Amino acid sequence: MPAETGHPWPAGLVGFPTQAQVSSALVGGKAFALFELSSHGLNVPPGWVLTTEYFASWISQLRETGPFRALGDASPDQQALLCEDIKAQAMRLELDDRQESTFAFLLDQLNVGGADALFAVRSSSSQEDQPGHSFAGGYQTCLGVRPDGLLKAIRLCFSSLFDHRVLSYKLARGLDPLDCSMALIVQEQIASETAGVAFSLNPLNNDYDQAVIEANPGLGEPVVAGLVRPDHWVVDKPSGKTLEFRSGDRRVCRWLKADGRQVDKEGEPSDQPCINSPQLDELLALLTKVEALFDGPVDIEWAIADSRLYLLQARPITAWVPLAPSLVTAPGKPRRLYMDAGLSGGLTINAPISPMGLSVIRQLMLDLAETTFGGFDGELPAGEALVHFQGGRMYQDLSNLFWLTSPTRLATQMEVSDARMARLLRAIDRQQYRSARRPRWARWRMLLRLPLALWRSRTMLFNMLMPLLAPQRMHQSQLKQLQLLEDRLKVALEQELPLADIWNAQVRPRLGEMFNLSLPVVGTGILALTLFKRLAQRPAKGDKSLLDKADRGFEGNVVVEMNLALADLARVIPETLRTRPETLNQQLADAPPDSAWRRGWQTFMQQFGFRGPGEMDIARPRYSDAPLDLLHQVLGMPTDRSAFDPHQAWQQRCQQRREAVATLLERSGPVRRRILGRLDRVIDRYGGLRDSPKQHLLMIMKSLRASILAAGRRLQQGEFLDDANQVFQLELQELMQALNDTEPGLMDQVEQRAAWQHKLATNVINFPPLIDSRGRILRQPVDPDGSDGLQGVGLSPGVARGRARIVRSPESATLEPGDILIAYATDPGWTPLFANAAAIVLEVGGALQHGALVARELGLPCVAGIDGATTTLLDRSLIEVNADAGMVKVIAERGQTSSLTDEIMTRRNQGN
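Residues numbered from 1 in each chain as written. Predicted model: local features only at pLDDT ≥ 70, side-chain atom pairs only at ≥ 80, totals over all residues. Heavy atoms only, no water.

A. Seen up close, the sheet that holds strand S1 (residues 13–16). Strand order in this open sheet of five strands is S1-S2-S5-S3-S4, and the pairing throughout is antiparallel. The open sheet has two edge strands with one neighbour each: S1 and strand S4 (141–145). Neighbouring strand axes in the sheet, compared pairwise and without regard to direction, differ in orientation by 20 degrees on average. When strand S3 (residues 119–125) meets strand S5 (residues 182–188), the two strands line up antiparallel, connected through seven bridges. Of the residues in S5, the one forming a bridge with Arg-122 is Ile-185. Against the sheet, helix H1 (residues 24–39) engages S1, strand S2 (47–50), S3 and S5, with an angle of about 120 degrees to S3. (Pairing = 2+ DSSP bridges. Helix = DSSP H or I, 4+ residues; strand = E, 2+ residues; numbered from the N terminus. Axes fitted to C-alpha atoms, helices over the stretch in contact; angles between N-to-C directions. Contact = heavy atoms within 4.5 Å.)

As structure tokens, this is what we get:
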């Protein structure tokens, strides 16, 4: 095995353990981790690495082949076949003189242990086992390899670089599928008596204090490959206590023979674990040490042979939810409970929120509190905060809130806005999570501020309640005032005030006007609709469809108007722009001023250019900032109105509402009819205005964004920032201070925050609605009766079948007509995708959320509140959405056609 000093190694080969300095680019991610672990004295089996340089000539040869050249433009089915062709050619590659010399040296070293020595050959791609992507199970591993079989094992493991599973994983993780680099580990084989895996946090619930250890007799491959149900421990790391033990079935126990053969035998089922308590403690200690070395959660593969514990490999856990250090409590201390406010309440952002975005939202909330309550005396202590704007998310501190309300009451309040959150809250033990001390703002003397709050809110309350008595007169008056507000906001959009002036001159005054004008009209509509639906229960006579029809078709909704404007724009986009979208700016300049598409484009930008995906984070580009993103979305929308006309669909919803209301009035008695009629007149005028406050707020934020970017450019010119967009890694007050400092020294802080944002973006698939201060994700209770489908809440009626399309970001996604959109949550930036959708399925959302609202207006079935919909359902599988029952069923799993599968297997066998 490799010597630790001297390093007489030929080109393309490195041995470990060693004190030599290596990089992950040279030895790959997996091998780099083994070098680090062995250098810290951990018991890693020694071995060699054939480096990326060793395989560079093979990769160059394969890049010139026809199948590789065709890979980038091929369809998914074609890519699967091309990958098999590339792998077959890789198996036939010959060693060049340099490779042959290095290989001969390696054989000499391996033969020191004798011709019967056994080795494990493992992949070590430069992209493998990184914090954002593990490639677990994607590459080939060969166990029990003798020196005379080494070259074949090397070819097998190298060729797995081009496996279709690897290609698909790269595409799913946003990696370049054609970026190919490979090293291979040749490591002493451990003929283990027991082996398995371990995780330094619980992968099922993200709990930082729980380690999960799994073990099976023999080699660990059956555990890694999922061929067996192993012995399973959940251990509390702070105390070392076993919280849960489940014995395995030992259906497959794989044993290594002296000649390298692996023999599967069925073990005897036993209630006795296959490792004892001291070994479990040793494993926990090893796992904790590796976690500390990686400075984050890890999973490891381990083996025990001759009573010695070996560490076979370790990698960062790539799917977990980190919390900002300030939100994490110490192990073993009382935990706090946080609710992610960024997933609901009009934000609906399932992505890291920038520091600037969080600080802007925080300042807006503080100003709103000042408007209503007169603000608070000084800053709240950290332990008394109601909302935390930290670590890329906006968390509501439920531990403090539970001094004012119970989980059950909170669930009742959230039933309409977020059904899944309501179900989660009902399962919470209030006493377990309530903070030890009552926060200042939850003390009884705060009631003394209530008269002041009511007085400050008198205009808002008048504008909300008076329309119930005089709907027509109030509506006319409020529309005039709202139009004046919008005119002032549009003027502000054309201005670029210095950042020091814009908040006091534009933001704060407009926020006060919104509080007195925009918010009340929303309250009026919701209040009237709630009363209407409650009083209409008796005349509806159990006909839920009648109530559903009365709850849609509201005129004046800006989100619906934006959707219709996008559909109109899609019809007039010229064909030249469809084939060459990158020429957008040039074609806009060259188009005649009276051309339909230029007028349509400019009109849309004037009306909605300040909106866009993730729009509540001020760091996210608006449509006017990134017109090409908008164009790509528009190009995916249908243009044939014969199949589906959104204008006609919306008009049909309006007509259905009028007919449903007429039926309900006809079935009502005189008094009920009179009351319902008045409420309907209010709803008719105010029901469509529910998105007006957000529209106005986004206009304010667009002006503020322009001023922030101007400040960023100024800091860039002063060489305090490398790029103007880095300004969004600062907080609002920090930016104000930096503009006044002569030497602000920003880059260290900017880079640290950018690294945290990247960590969230790569590790977090979906932000959980509820998480505690030790990372534990509270999940929806499992229905003990079971179900043949996924149960949620129907928010827009109807039944549809189609292909499931899992979409995590709307910017580059497209749907074919009839596809079913599956998303975690949506905001108006997702609107173009609705045009082709047959139905909508959401994890987060309620009746007032964007997805449900647009679905109802377009007549699309919509089900929300399905925990894990984006991870449980398979992309392109055939599903049925029954929104009447709130159910989603899988009709047929995604899979290759039998003919394609046969062809792949044929090519694979030919390649081997």
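There is more to say, and it comes next.
B. Main features of empty space enclosed by the protein. For the structure shown, the criterion picks out six cavities of 30 Å³ or more. There is about 70 Å³ of room inside the largest cavity. In terms of lining residues, the largest cavity is bounded by Phe-68, Leu-71, Cys-83, Leu-161, Phe-162, Asp-163, Leu-167, Lys-170, Pro-177 and Cys-180. Looking at the lining of the largest cavity, the elements with two or more residues in it are helix H3 (66–71) and helix H7 (164–172). Tallied by class, the residues present in the lining of the largest cavity amount to eight nonpolar, no polar and two charged. (1 Å grid on protein atoms, 1.4 Å probe; cavity = no way out; pocket = protein on both sides within 12 Å on 5 of 7 lines; lining within 4 Å. Points joined across faces, edges and corners; volume = space filled by probe spheres on them. Nonpolar A, V, L, I, M, F, W, Y, C, P; charged D, E, K, R; others polar.)

C. Fine view of the pairing of strand S25 (residues 887–892). Two elements, strand S18 (residues 790–791) and S25, share two bridges in a ladder whose sense is antiparallel. Among the inter-strand pairings, Leu-790 is bridged to a residue of S25, identified as Val-888. With five bridges connecting them, strand S24 (residues 878–882) and S25 associate as antiparallel partners. In the sheet register, Val-881 faces S25, and the bridge partner there is Val-888. The turn joining S24 and S25, which pair antiparallel and follow one another in sequence, is formed by four residues; a positive phi near 65 degrees is taken by Gly-886.

D. Structural view of the pattern of salt bridges. Taken as a whole, this structure holds 41 salt bridges when the rule is applied. Close ionic contact of Asp-231 with Arg-250 constitutes a salt bridge, the shortest N to O distance being 3.1 Å. In this pair, Asp-231 is assigned in strand S8 (residues 231–236) and Arg-250 in the loop between strand S9 (242–246) and strand S10 (253–256), connecting sequence segments 19 residues apart. The two residues Asp-231 and Arg-250 agree in class, both being buried. A salt bridge links Arg-508 to Asp-367; the shortest N-O distance between them is 3.3 Å. Here Arg-508, found in helix H18 (residues 499–516), pairs with Asp-367, found in helix H10 (residues 355–373); they are 141 residues apart in sequence, far enough to count as distant. Using a relative accessible area of 36% as the deciding quantity, one classes Arg-508 as partly exposed. You can call Asp-367 buried: its relative accessible area is 7%. Counted as one network, the salt bridges with shared partners bring together Asp-207, Asp-209, Arg-335, Asp-772, Arg-774 and Arg-776. (Salt bridge = Lys/Arg side-chain N within 4 Å of Asp/Glu carboxyl O. Buried < 20%, exposed > 50% of the residue type's maximum accessible area, 1.4 Å probe, protein only.)

E. Representation of the pairing of S10. The pairing of S10 with strand S11 (residues 262–265) spans four bridges and is antiparallel. In the strand pairing of S11, Cys-253 is matched with Lys-265. A loop of five residues connects S10 with S11, the two strands running antiparallel in sequence, and Gly-260 in this loop sits at a positive phi of about 95 degrees.

F. Local environment of the packing of helix H27 (residues 646–667) against helix H33 (residues 850–858). With their axes 7 Å apart at the nearest point, H27 and H33 run at an angle of 90 degrees to one another. One finds that H27 runs roughly perpendicular with respect to H33. Residue-level contacts link Ala-649, Trp-650 and Arg-653 of H27 to Arg-856, Glu-857 and Leu-858 of H33. (Parallel < 35°, antiparallel > 145°, perpendicular 65-115°, else oblique.)

G. Spatial organisation of the nonpolar core. Membership of the largest hydrophobic core comes to 75 residues, with the highest contact counts inside it found for Leu-150, Phe-158, Val-290, Ile-300 and Trp-302. For this core, the element with the highest residue contribution is helix H9 (residues 277–294), accounting for six residues. If we skip the residues at most four places from it in the chain, Phe-158 touches Phe-55, Trp-58, Ile-59, Leu-62, Ala-90, Leu-93, Met-182 and Leu-184. Membership of the second largest hydrophobic core comes to 43 residues, among which are Val-507, Ile-618, Leu-709 and Ala-711. (Core = buried A, V, L, I, M, F, W, Y, C linked by side-chain atoms within 4.5 Å.)

H. Focus on the sheet that holds strand S23 (residues 862–864). Spatially, S18-S25-S24-S20-S21-S22-S23-S19 is the arrangement adopted by the eight strands of the open sheet, whose pairing is mixed. Looking at which strands have only one partner, the edges of the open sheet turn out to be S18 and strand S19 (793–796). The pairing of strand S20 (residues 799–806) with S24 spans five bridges and is antiparallel. Across the sheet, residue Val-799 finds its bridge partner in S24, namely Asn-882. Helix-sheet contacts for H33 involve S19, strand S22 (839–842) and S23, and the interaxial angle to S19 is about 55 degrees.

I. Inspection of unusual backbone geometry at higher detail. In the segment running from Phe-16 into Pro-17, the intervening peptide bond is cis, with an omega of 10 degrees. Relative to the assigned elements, Pro-17 resides in the loop between S1 and H1. Of note, Ser-307 is a non-glycine position whose phi angle comes to about 65 degrees, a positive value. On the secondary structure map, Ser-307 appears in the loop between strand S12 (298–305) and strand S13 (308–316). On the basis of relative accessibility, which here comes to 64%, the residue Ser-307 falls in the exposed class.

J. How the structure looks around a nonpolar patch on the surface. On the surface, Trp-444, Leu-447, Leu-450 and Leu-454 cluster together to form a nonpolar patch covering roughly 470 Å² of accessible area. Position of Trp-444 among the secondary structure elements: in the loop between helix H14 (430–433) and helix H15 (450–456). For Trp-444, a relative accessible area of 65% puts it in the exposed group. (Patch = residues over 30% accessible without salt bridge, like charges linked within 9 Å, V, L, I, M, F, W, Y side chains within 5 Å. Areas by Shrake-Rupley, 256 points an atom, 1.4 Å probe, with all protein chains shown as cover.)

K. Layout of the packing of helix H17 (residues 471–494) against helix H29 (residues 692–717). Close contact between H17 and H29 brings their axes to 9 Å; oriented N to C, the two are set at 20 degrees. The pairing of H17 with H29 is recorded here as roughly parallel in orientation. Between H17 and H29 lies a crossing whose hand is left-handed. Contacts from Leu-482, Leu-485, Glu-486, Leu-489, Lys-490, Ala-492 and Leu-493 in H17 reach His-696, Met-699, Ile-700, Lys-702 and Ser-703 in H29. A breakdown of the residues in the contact of H17 with H29 according to their chemical character gives seven nonpolar, two polar and three charged. (Left-handed = near helix turned anticlockwise from the far one by under 90°.)

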